Amino acid sequence: MEIKKFICLSLSLALILGIVESFEFKEEELESEERMQGLYERWRNHHNVAEVNPREKAQRFNVFKTNVQHVHKTNKMNKPYTLKLNKFATMTNHEFRSTYAGSKIKHYRTLRGARNSMLRFMYENATNLPTAIDWRARNAVTPPKDQGLCGGCWAFSTVVAVEGINAIRTNKLVSLSEQHLIDCETGFNEGCGGGLMEPAFIFIKESGGLAAEENYPYTSFTGTCDRSKIGNQVVTIDGYEDVPENNEGALLKAVANQPVSAAIEANGHDFQFYSKGVFTGGCGVDVNHAVAVVGYGETPEGTKYWIVKNSWGPHWGENGYIRLQRGVPNDEGLCGIAVEPSYAIKKKSNIPMNHEL
Ligand SMILES: *[C@@H]1O[C@H](CO)[C@@H](O)[C@H](O)[C@H]1NC(C)=O
């Protein structure tokens, strides 16, 4: 009895503190089929994977072997980043792509039409930009969240931008509800089926604000809009603006001032298993996943990077974040980070801004 209680406590403590150790393996464990099988069991234990039927288990083992080899091979290449066997280790890249990079950003962009490049960009004349900024250190970013098996990254991306500008304007960091957007912004977006950030910003402005996470908690399913959950602790915004596209310089001006929503191509094999370091590719610019840029900096070796908040939980990447190489030769930025960034506007006062959406 006593032992059970203790295990329970330490488990929940581990969850609360997010101290689940990352999963490491040794080269010897890849040497034979038997040792690989042992590694697979160890990984299953580590991630508390439920028992499955023998056929499914054999198939998952095959996927696992392919992924282990990829992680191992890549980590021997001396790249500026390393990979790890994370919770995606038994997903084929195809499965991963359709589940976690399945927000079909490009599909929705085509449906919605091109962005209007004539709109105002309030930071166009921003000068004296800091050489580095990290909005996490300025208490404007909540801990990493996990979208689970739901293509709602557009909601997570939107929420980071709104939490950020709200914290900057009010000095209060409030965790906000993705589920409110997923259930209620049905005018354009399709919940866990995918969507875009701009309609979400418009929804927040026009419907009177976004609920707090604690009032309208995440379920990872598309549900029916429940107005009774919205409560009165809502965070309002005054609109949004697009960062001029394919322009990392413009993105820098925006991120120097607030966290910014962005889309990227996130389905690559290396992206799936990213562990740490500055990610330098491979990826294209065919954006299919939404994230948020919460800072930028430069390594001691002089590699410039964006600090990007993902929504795959704290055990992916650097505690839920990826550092993406900044200042690449193509205009779209690495993985398309500069293709279509946007951010929320919130004025200090409650007087609505003279800005047409
Ligand atoms: C930036 O400066 C130009 C030239 O002074 C001005 O016309 C423009 O309105 C400014 N943009 C913003 C967003 O303030």
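On a predicted model such as this, the values are computed, not experimentally measured, just so you know.

A.B. asks: Would you mind showing me how to read the pattern of salt bridges here?
C.D. replies: Side-chain pairs of opposite charge can arise where the charged atoms are in close proximity. Scanning all chains against the criterion turns up 21 salt bridges. Residue arginine 136 is joined to aspartate 134 by a salt bridge in which the shortest nitrogen-to-oxygen separation is 3.0 Å. Take aspartate 134: its relative accessible area is 23%, and that puts it in the partly exposed class. By sharing partners, the salt bridges in this structure join Glu41, Arg44, Glu51 and Lys57 into a single network.

A.B. asks: Even after reading the chapter, I still don't get the nonpolar core, so can you show me in this structure?
C.D. replies: Generally speaking, nonpolar side chains in soluble globular proteins are found buried as a group. Counting 63 residues, the largest nonpolar core has Phe64, Phe271, Phe279, Trp306, Leu324 and Ile337 as the members making the most contacts within it. Counting 36 residues, the second largest nonpolar core, distinct from the first, contains Ala161, Leu176, Met197 and Tyr216.

A.B. asks: Please clarify how the packing of helix 2 (residues 33-46) against helix 3 (residues 54-75) should be interpreted in this entry.
C.D. replies: Geometrically, a packed helix pair is captured by the angle between its two axes and the distance between the axes. At a closest axis distance of 10 Å, the pairing of helix 2 and helix 3 adopts a crossing angle of 100°. With respect to their mutual orientation, helix 2 and helix 3 come out roughly perpendicular. Here Glu33, Met36, Gln37, Leu39, Tyr40, Glu41, Trp43 and Arg44 of helix 2 lie close against helix 3, whose contacting residues are Lys57, Arg60, Phe61, Phe64, Lys65, Val68 and Gln69. Considered class by class, the residues forming the contact of helix 2 with helix 3 number seven nonpolar, two polar and six charged.

A.B. asks: Explain the packing of aromatic side chains here, please?
C.D. replies: Think of a pair of aromatic rings as described by two things: how far the centres are apart, and how the planes are tilted against each other in angle. As enumerated under the stated definition, the model contains 20 aromatic pairs in all. Relative to phenylalanine 64, the ring of tryptophan 43 lies with its centre 5.7 Å away and its plane at 50°, an arrangement referred to as tilted. With tryptophan 43 in helix 2 and phenylalanine 64 in helix 3, the pair connects residues that are 21 residues apart, well separated along the chain. Taking the centre distance of 5.8 Å and the plane angle of 20° together, the rings of phenylalanine 201 and tyrosine 240 count as stacked. In this pair, phenylalanine 201 is assigned in helix 8 (residues 197-206) and tyrosine 240 in strand 3 (residues 239-242), connecting sequence segments 39 residues apart. Just above the ring of tyrosine 321 sits the side chain of arginine 136; from NZ or CZ to the centre is 4.3 Å. Across from the ring centre of tryptophan 135, 5.4 Å away, lies the NZ or CZ of arginine 138, which sits over that ring.

A.B. asks: What's the story with the environment of threonine 82 in this structure? I'm lost.
C.D. replies: Tracing the backbone shows threonine 82 in strand 1 (residues 81-83). The class for threonine 82 is partly exposed, based on a relative accessible area of 26%. Spatially, the C-alpha atoms of threonine 82 and valine 328 are 20 Å apart, while their sequence positions differ by 246 residues.

The rules we used
Residues numbered from 1 in each chain as written. Predicted model: local features only at pLDDT ≥ 70, side-chain atom pairs only at ≥ 80, totals over all residues. Heavy atoms only, no water. Salt bridge = Lys/Arg side-chain N within 4 Å of Asp/Glu carboxyl O. Buried < 20%, exposed > 50% of the residue type's maximum accessible area, 1.4 Å probe, protein only. Core = buried A, V, L, I, M, F, W, Y, C linked by side-chain atoms within 4.5 Å. Axes fitted to C-alpha atoms, helices over the stretch in contact; angles between N-to-C directions. Helix = DSSP H or I, 4+ residues; strand = E, 2+ residues; numbered from the N terminus. Parallel < 35°, antiparallel > 145°, perpendicular 65-115°, else oblique. Contact = heavy atoms within 4.5 Å. Nonpolar A, V, L, I, M, F, W, Y, C, P; charged D, E, K, R; others polar. Phe/Tyr/Trp six-rings, centres within 6.5 Å; stacked < 30°, edge-to-face > 60°. Lys NZ or Arg CZ within 6 Å of the ring centre and 35° of its normal.

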